[in-house]
Amino acid sequence: MKKGLIVVSLAVAVFSASCQDDGPTAPKKAVVVALRLDSTWIDSIRLTEVVSLHYIAVPTYDSSGESIHPDFIRFDRPWAGYKYWMVVTPYRFFLAELENPSLKVSNDGENWIPAPGVPDPLVPGYMAGYNSDPELVFDHVRGCMSVVFRFVFRENNIRELNSCDGVNWGESRLLFWEPNHDAVSQTITDGKGNARDMFYVSAGIRGCGATSTEIKMRSALDGRASLGEMTFGPASSINMKQAGLVIWHLKVRYIPSKNEWWAMYVAYSPRLDGSCSRSDLYFAKSTNRTQWQTYPLPIVSRFDRRFDFLSVYRASFDYDSSTDELLVITSVIDSTDHLWQYRGVFNYPRLQQVLDLTVGSSVEESRARFSVLGNRHGSRERILMEDR
């Protein structure tokens, strides 16, 4: 097989799966011509989308419509009047003073408005330092919601504020602090029983330009405590690594129907990309929170030919066990340095099928080929499929 071409079975497996739900059809043979390994992966992922990845408008208090670092919660029944709640931070022109947590609501996950009766931004800026990395957490026992965010000044301060009606929010309190930038993109997940864990990225002083990062976890000392009273124990390192890449912002959820923890995170190559502003979105899962199965294939790539992405940033997700579908909302940076939110829905079994087929692939070779395609104004090799 020539270097740069992918084994045909990968494309055939996904092509066949995409046709099975349409009922019996005549057997068809997919002939794949001149496949680049990386572009084949991107198109294979695209075939698992139930709702194609697309732009969604998210209003911001600075009127730019540009925001980053989304996190959302989907409710089966509306909470405080809405089925979807999301927190984002405006970040136009990459101005840290705009990066203040702001709440949005929706009843379909597609059309978003500012949360009624809530100050916008929810957390104001400060004379010194800046806010970032908001996360939504829900206390299902008490029916209350928390916003957990990072305040950066001389250190990383992880803070929390909460509301039981969606309108009245208390003052924020400190959960813990770490040196800059050793507590980035904190994410809190429910677990088995009353367990609640916080995961975050330890990047060191270089932050977004780090050549390596470490994922750490803290467990709640009393999982029965309310979100407003919860405290977390000491940090421990976990084995979540993306070979050859640097993990940046992440989201973790516990999936009860699978008895697994799932993660989505962006990662970049310190050699080829240089910083977090050239990232792709990856998926991982675990059965014990500490040992993670990762995959070399990004599920959202900045080289997706449908878009003009410079980078994929932080994403949030929700798994619907009744439909076996995975809803993803991710922030992206386009080629003109504007920041937007994109939404898509994946058929999870098909997505997992593609990911499983990539285990054991060479990450370094894949990344090198991705970088060759980095000139979005250059020519791209295309997937050609013929029915025979």
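Note that this is a predicted model, so its numbers are computed, not measured.

Colleague: Residues and numbers for unusual backbone geometry, please.
Modeller: Look at the link from Asp120 to Pro121: it is a cis peptide, with omega at 10°. When you line up the elements, Pro121 lands in the loop between β6 (113–114) and β7 (130–139). Going from Asn180 to His181, the amide bond is cis rather than trans, its omega being -15°. Here the phi dihedral of Asn259 falls at roughly 55°; this positive angle occurs in a residue that is not glycine. Following the sequence through the fold, Asn259 ends up in the loop between β15 (246–255) and β16 (260–268).

Colleague: Mind laying out the packing of aromatic side chains, listing which residues take part and the relevant values?
Modeller: Taken as a whole, this structure holds 22 aromatic pairs when the rule is applied. Judged by centre distance (6.1 Å) and plane angle (25°), the ring pair of Phe75 and Trp79 falls under stacked. Take Phe75 and Trp79: they sit in the same class, and that class is buried. Between the aromatic rings of Phe307 and Tyr342, the centroid separation amounts to 5.3 Å while the plane-to-plane angle is 80°, which identifies the pairing as edge-to-face. Here Tyr342 lies in strand β21 (residues 339–347) and Phe307 lies in the loop between β18 (293–294) and β19 (309–320), a separation of 35 residues in the sequence. Phe307 sits in the buried class, given a relative accessible area of 18%. Among the aromatic residues, ring-to-ring pairing joins Tyr55, Phe307, Phe309, Trp340 and Tyr342 into one connected group. Of note, Arg218 hangs over the ring of Phe176, and the distance from its end group to the ring centre comes to 3.9 Å. Taking the ring centre of Phe317 as reference, the NZ or CZ of Arg253 above it sits at 5.9 Å.

Colleague: Account for the nonpolar core, with residues named and values stated.
Modeller: Residues Met240, Tyr265, Leu281, Trp292, Ile299 and Leu326 are the most contacted members of the largest nonpolar core, which totals 59 residues. In contact with Leu281, not counting residues within four places along its chain, are Met264, Tyr265, Val266, Pro298, Ile299, Val300, Val312, Tyr313, Ala315, Val328 and Thr330.

Colleague: Can you break down the side chain of Asn131 residue by residue, with the values?
Modeller: Within the fold, Asn131 resides in strand β7. In terms of polar contacts, Asn131 uses its side chain to reach the side chain of Asn100, at 2.9 Å. Looking at Asn131, its side chain comes within polar contact range of the main-chain oxygen of Pro124, at 3.0 Å. In contact with Asn131, other than residues within four places in its own chain, are Glu99, Asn100, Pro101, Val123, Pro124, Gly125, Tyr126, Phe149, Arg150 and Phe151.

Colleague: Go over the state of the cysteines, please, and point to the residues and values.
Modeller: Applying the stated criterion to the full structure yields two disulfides. Across the disulfide from Cys144 sits Cys164; the S-S distance is 1.8 Å. Here the S-S torsion is close to 90°, and the disulfide linking Cys144 with Cys164 is therefore right-handed. Of this pair, Cys144 sits in strand β8 (residues 144–152) while Cys164 sits in the loop between β9 (155–163) and β10 (173–179), and the two are 20 residues apart along the sequence. The disulfide partner of Cys208 is Cys276, and the gap between their sulfur atoms is 1.9 Å. Since a negative S-S torsion denotes a left-handed disulfide, the Cys208-Cys276 link at about -100° is left-handed. Linking Cys208 in the loop between β12 (196–202) and β13 (214–219) with Cys276 in the loop between β16 and β17 (280–286), this pair joins segments that are 68 residues apart in sequence. Along the protein chain, the cysteines engaged in disulfide bonds are linked according to the scheme 1-2, 3-4 when indexed in sequence order.

Each value, and the rule that gives it
Residues numbered from 1 in each chain as written. Predicted model: local features only at pLDDT ≥ 70, side-chain atom pairs only at ≥ 80, totals over all residues. Heavy atoms only, no water. Helix = DSSP H or I, 4+ residues; strand = E, 2+ residues; numbered from the N terminus. Phe/Tyr/Trp six-rings, centres within 6.5 Å; stacked < 30°, edge-to-face > 60°. Buried < 20%, exposed > 50% of the residue type's maximum accessible area, 1.4 Å probe, protein only. Lys NZ or Arg CZ within 6 Å of the ring centre and 35° of its normal. Core = buried A, V, L, I, M, F, W, Y, C linked by side-chain atoms within 4.5 Å. Contact = heavy atoms within 4.5 Å. Polar contact = N/O pair within 3.5 Å; in protein donor to acceptor, adjacent residues only side chain to side chain. Disulfide = S-S within 2.5 Å.

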